[in-house]
Each structure stands twice: as structure tokens, then as C-alpha cells.
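Examining the three-dimensional arrangement
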Amino acid sequence: MKSAPKIAIVGAGPVGSLAALYAAQRGFEVELYELRPDYDAKGRAIYAIDRAGLNERLLDILDSMPNVKLLFNHKLTGADFCTQKAWFERKDCISPDSGRPQEIEISFDLMIGADGAHSAVRYHLMKFSRMDYQQEYIDTLWCEFYLPPRKLSEGEYRETAFRISPNHLHIWPGQDFMFIAIPSEVSPILYPRLT
Ligand SMILES: Cc1cc2nc3c(=O)[nH]c(=O)nc-3n(C[C@H](O)[C@H](O)[C@H](O)COP(=O)(O)OP(=O)(O)OC[C@H]3O[C@@H](n4cnc5c(N)ncnc54)[C@H](O)[C@@H]3O)c2cc1C
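Heads up: these notes are all about the structure in this document. (Residues numbered from 1 in each chain as written. Predicted model: local features only at pLDDT ≥ 70, side-chain atom pairs only at ≥ 80, totals over all residues. Heavy atoms only, no water.)

1. Considering the overall build of the protein
The helix and strand inventory of the protein stands at three helices and nine strands. Reading the secondary structure of the protein in the N-to-C direction produces β-α-β-α-β-β-β-β-β-α-β-β. A burial count over the protein gives 27% of its 195 residues as buried. Across the protein, every contact between residues at least 6 apart in sequence was considered, and the portion connecting residues at least 24 apart equals 48%. For the protein, the computed accessible surface area is about 14100 Å², with 56% contributed by carbon and sulfur atoms. (Helix = DSSP H or I, 4+ residues; strand = E, 2+ residues; numbered from the N terminus. Buried < 20%, exposed > 50% of the residue type's maximum accessible area, 1.4 Å probe, protein only. Contact = heavy atoms within 4.5 Å. Areas by Shrake-Rupley, 256 points an atom, 1.4 Å probe, with all protein chains shown as cover.)

Below is the structure:
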């Protein structure tokens, strides 16, 4: 029996995870390669919405599917779209001779580049096909603050722990900047260092 086409997805962020889920549900053989270890490398997350939790949930669903392989610590270093082969560095597997990460070669029927703003897939695709690409940076930086909740006394409702109203998006516009506060439930299981 002919096996299902193999889709190699590079990047297990929200886009890669969701693409993997759709492909797996349609019966493709899916391999999801991600350069980081299982979840955020530095234990950081942007708390505005709990994307870390959403991403974890997607990866947990994928992990339970028989036609999906999750490969963390795999960094795409090269891709040849003529021969449909790609190369990954295994960051968790250092060769004793060279002291460098081991490289593996894979083959694929289709590759999806979901490896973010500095996409390596796009870089290699540009050598294969004539495509235009433009990247523009906005002249703005961001900084994130965390307002810890108030300690609750016995019998108080959870919502009253918020320092600002939990039912509103708070925006303080300035001339060249703005300050936004987005109340969110941050799970102490996901972010133990905050408790
Ligand atoms: C400061 C900031 C605040 C934001 N706030 C919000 C918000 O509040 N709400 C919201 O919806 N969006 C927000 N966004 C946007 C959101 O983060 C992005 O739209 C989203 O992460 C894009 O998802 P993605 O899967 O395309 O890429 P990414 O999330 O960047 O995922 C790409 C993945 O590919 C992996 N990767 C990269 N290179 C390779 C390689 N060579 N080999 C293997 N794997 C590789 C990376 O490790 C990464 O896990 C914010 C973005 C920023 C920068």
C-alpha cells in the first residue's frame, strides 16, 4: 500500500503547530521540527494572552497522534527543494569528534516553513525559486511589565485579586508610545517563578 505523503513542518510556534494539526487530521505523515527544546528555551512567555498554554495544548494534541513526529532541538540548516531533502542540526546531540551538533538528512514530499520572522525555510526557498521578499521594521520597541495579583483573604472572589479591572482592555495612549494592560490569568503551574 502506498504510504501517505510526508509533510515536514519547520517551526513549532502557533502557526507550525496548527498547520501540523490540520495536516495530521487529513491523514498526512507529519514531522514537526523545532529548534528549541520542548517549550520556551528561556522559560519566558508574553503574558498578554496565554500563547504558551495554547501552544502547549496544540503540541500535546499532536503528540497523541500516531501519524505525527515531534522533533525538538532540531534546527533547519539547509533544504534542497529539487531533491526534496533537508538538513537539520541536532542541538541535543553533540559529536564527540567535532564538538559540533550532529546533522541529519531527511526527505519530504512537502515542506511548510513556519519558522518565524527570520525563516530559514524562506531563505533556502529563495535560492530555488525566483521570489521577492521584503522585510520592514517599525521604529518601536516594547517592554513588558507584570503586575502581580493581590493576596486574597478568606472568602474573597478570585477576580478581586486583579490590581485593575479584569473585564477591560486598558490603554493609556501617549505621543510616541502607548501603555497597554491586559488582565490575564497566569497559571502558577505554567509560570512557577511568578508565584
Ligand atoms: C513583542 C511581541 C508581542 C506580541 N504580542 C502578541 C499578542 O499579544 N497576541 C498575539 O496574538 N500575537 C502577538 N504577537 C505576535 C505573535 O507572537 C506572532 O504572530 C506569532 O508568534 C507568529 O507565530 P509563528 O508560528 O509564525 O512564529 P513563531 O512564534 O516565531 O514560531 C517560529 C518557531 O520556529 C522555530 N524556528 C526558527 N528557526 C528555526 C529553524 N531554523 N529550524 C527549526 N525551527 C526554527 C522557532 O524556535 C519558533 O518556535 C507578538 C509579537 C511580539 C514580537
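Picking up where we left off.
2. Let's talk about the environment of His170
Inspection of the secondary structure assignment puts His170 in strand S8 (residues 170-173). For the pair His170 and Ile180, spaced 10 residues apart in sequence, the C-alpha separation works out to 5.6 Å. Those residues in contact with His170 that sit more than four places away from it in its chain are Ile164, Ser165, Phe179, Ile180, Ala181 and Pro183. At a separation of 2.8 Å, a polar atom in the side chain of His170 contacts the main-chain carbonyl oxygen of Ser165. (Polar contact = N/O pair within 3.5 Å; in protein donor to acceptor, adjacent residues only side chain to side chain.)

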